[in-house]
Amino acid sequence: MLEPGRFVHVKVSGGVDPLLRRPISICDVDKTLGRFKIVYRAEGKGTQLLSERRPGEQVDVLGPLGSGFPVDAAAPGETAVLIGGGIGVPPLYCLSRQLTSRGVQVVHVLGFASAKDMFYRERFEALGPTHIATVDGSRGLQGYVTDVLRAEGMTTCDVYYACGPAAMLRALEASRLGSRGYVSLEERMGCGIGACLACVCRLQNDSEGAAYRKVCTDGPVFPVGEVVL
Amino acid sequence: MNRLQVELPGLRMKNPIMPASGCFGFGREYAELYNLSLLGAIAVKATTPEARFGNPVPRVAETPGGMLNAIGLQNPGLTDVLAKELPWLAQYDVPVVANIAGAEAEEYVRVAEALSKAPNVQALELNISCPNVKKGGIAFGTVPAVAAELTRQVKQVSNKSVYVKLSPNVTDIVEMALAVEEAGADGLSMINTLLGMRIDLKTRRPVLANGAGGLSGPAIKPVAIRMIYQVSQAVKIPIIGMGGIMDAEDVIEFFLAGASAVAVGTANFVDPFVCRTIIEELPEQLDKMGVSRIGDLTGAGWR
């Protein structure tokens, strides 16, 4: 079973522009069909080009790469809160499916810029209670995922899993939502396999020293408290 | 006869392809993908006396046909490189080119002396061209007399061949090449990255946390070709050519310009198998050109 939260490094075009691959996390896997799904926002030049590829075309993909969310950190019967912001939401779908299939109670808290940026709401709702926040208030609660946690009185849980912007992850870390938490980091990457040292982060217990973790191979998922967010 | 074999001072290479320093770590990640003994040599990541974390992120930014990086010479330090990285690499039948960096001349000398004693290190590459550190690096690579003096000091303590890695961020690359040749360099590697910058339209600030960074990739290949073409006609020592090599045709172009071997850098990030692929494709390229040995092409663009 593929660990949720791992990613593929995608070459969006055949030429040298854009030159580098794009790391995109895996949203869902169908092993029997030999398929996986990625959900991304066609925003920059690279993802725009990728969105123009048609069914049947071949795309050069390296992966699966990285270390994902530990599904077994939540025991059957425990409650896990899954928190996603924007393009950080997709890997939580695969995670939620695996958690629910082992009997973990899941609650989703998903944040988007606005209603038109929202996706997969129904699919998450089919797996467990799902709370939505939008920055402009066009759907769900107006505000951020942390506002949902406050409004719903979710101050504690057995374990939480989060993927989204660094500011969101920092807010979650400060909230002490659960004793066990796992966060997935985003960082600009070069090689994606741990060689170029473009995507490193510092350790909380050695924040001034030479120690580091690589987001592409040691992560993108880290236990809360391990790395400096 | 091995058509791809080349010999440079200290380096007997089964083919002219080596991954460039800084683009291949110490080989561990790529060893998961293919047998490193296939390579002509490996130029490992720059080593400084002490471990360095490097610069804050973001450390990379894309540009048309290229990328900017400002890693900042992150490395585990001399002690770990000697105790862990080099002994690990010794399992492969491949010569190692140890890239040397420091903040002061004394630091370069210390690292050079220690690394030149490692049994699988066949050559040193003097990094006087890193644009991403506050002290050292490019500071040694833009004034010919300073570069020459450092070369002289490193040559004195090294019992392995010394290649000086030149910066393209100079007015007269030939003058620089002649200065380090005169100082005793056994060879040159060129070019390092070109200084560049990108600014984010939303934040109105440079994309890289460091501000400026080093431009690499196919975008800089014409600059590298021009500089090697000029320098190879002026010096007698061999050149390891680099700067935007993506495929076997690019390798041939560098040989025509005057290179005797090449290093592949940024392309490893795009396709981690690229060095192996190039090595496999070179014989066909030589056939196309009616050339029996790749070494025959060195400088054929001007000879």
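Residues numbered from 1 in each chain as written. Chains lettered and ligands numbered in written order. Predicted model: local features only at pLDDT ≥ 70, side-chain atom pairs only at ≥ 80, totals over all residues. Heavy atoms only, no water.

**Student:** Before we go on, may I ask you to explain the state of the cysteines in this structure?
**Tutor:** Simply put, disulfide is the name for a covalent bond between the sulfur atoms of two cysteines. All names here are of chain A. Taken as a whole and assessed by the stated rule, the structure comprises zero disulfides over all chains. With no disulfide of its own, Cys 157 lies closest to Cys 163 among cysteine sulfurs, the gap being 16 Å. In this structure Cys 157 comes out as buried when scored by relative accessible area, which is 12%. (Disulfide = S-S within 2.5 Å. Buried < 20%, exposed > 50% of the residue type's maximum accessible area, 1.4 Å probe, protein only.)

**Student:** How should the packing of helix H6 (residues 221–234) of chain B against helix H7 (residues 248–257) of chain B be read in this particular structure?
**Tutor:** Two quantities define a packed helix pair, namely the angle between the helix axes and the distance between the axes. All names here are of chain B. Interhelical geometry of H6 versus H7 gives an angle of 30° and a closest axis separation of 8 Å. In terms of orientation, H6 lies roughly parallel with respect to H7. Residues Lys 221, Ala 224, Ile 225, Ile 228, Tyr 229 and Ser 232 of H6 form the contact with H7, whose participating residues are Asp 250, Glu 253, Phe 254 and Ala 257. By residue class, the composition of the contact of H6 with H7 is six nonpolar, one polar and three charged. (Axes fitted to C-alpha atoms, helices over the stretch in contact; angles between N-to-C directions. Helix = DSSP H or I, 4+ residues; strand = E, 2+ residues; numbered from the N terminus. Parallel < 35°, antiparallel > 145°, perpendicular 65-115°, else oblique. Contact = heavy atoms within 4.5 Å. Nonpolar A, V, L, I, M, F, W, Y, C, P; charged D, E, K, R; others polar.)

**Student:** I keep staring at the environment of Val57(B) and nothing clicks. Help me out?
**Tutor:** Mapped onto the elements of the fold, Val57(B) is located in the loop between strand S4 (42–43) and strand S5 (60–63). Each C-alpha atom of the pair Val57(B) and Asn210(B) lies 8.1 Å from the other, and the pair is 153 residues apart in sequence. The residues contacting Val57(B), other than those within four sequence positions of it, are Glu187(A), Ala198(A), Val200(A) and Ala209(B).

**Student:** Can you help me understand the sheet that holds strand S2 (residues 22–30) of chain A in this one?
**Tutor:** In sheet architecture, strand pairing relies on hydrogen bonds along the backbone and comes in two forms, parallel and antiparallel. Residues and elements named next belong to chain A. The strand order across the open sheet built from four strands is S3-S2-S1-S4, with neighbouring strands paired in antiparallel fashion. Two strands in the sheet have a free side with no partner beyond their single neighbour: strand S3 (35–38) and strand S4 (60–65). Between one strand axis and the next, the sheet turns through 40° on average, direction left out of account. Alignment of strand S1 (residues 7–11) against S2, held across four bridges, turns out to be antiparallel. Across the sheet, the residue bridging to Val 8 is Ile 24, located in S2. (Pairing = 2+ DSSP bridges.)

**Student:** What should I look at first to understand the pattern of salt bridges in this one?
**Tutor:** Where charged atoms from two side chains of opposite charge approach closely, those side chains can pair. Tallying each qualifying case throughout the model produces 23 salt bridges over all chains. The partner of Asp17(A) in a salt bridge is Lys45(A), with the nearest N and O atoms 3.1 Å apart. Note that Asp17(A) is positioned in the loop between S1 and S2 and Lys45(A) in helix H1 (residues 45–51), a separation of 28 residues in sequence. Using a relative accessible area of 33% as the deciding quantity, one classes Asp17(A) as partly exposed. In this structure, Asp186(B) engages Lys155(B) in a salt bridge whose closest nitrogen and oxygen atoms are separated by 2.9 Å. You can see Asp186(B) sitting in the loop between helix H5 (173–182) and strand S10 (187–190) and its partner Lys155(B) sitting in helix H4 (residues 144–157), a full 31 residues away along the chain. (Salt bridge = Lys/Arg side-chain N within 4 Å of Asp/Glu carboxyl O.)

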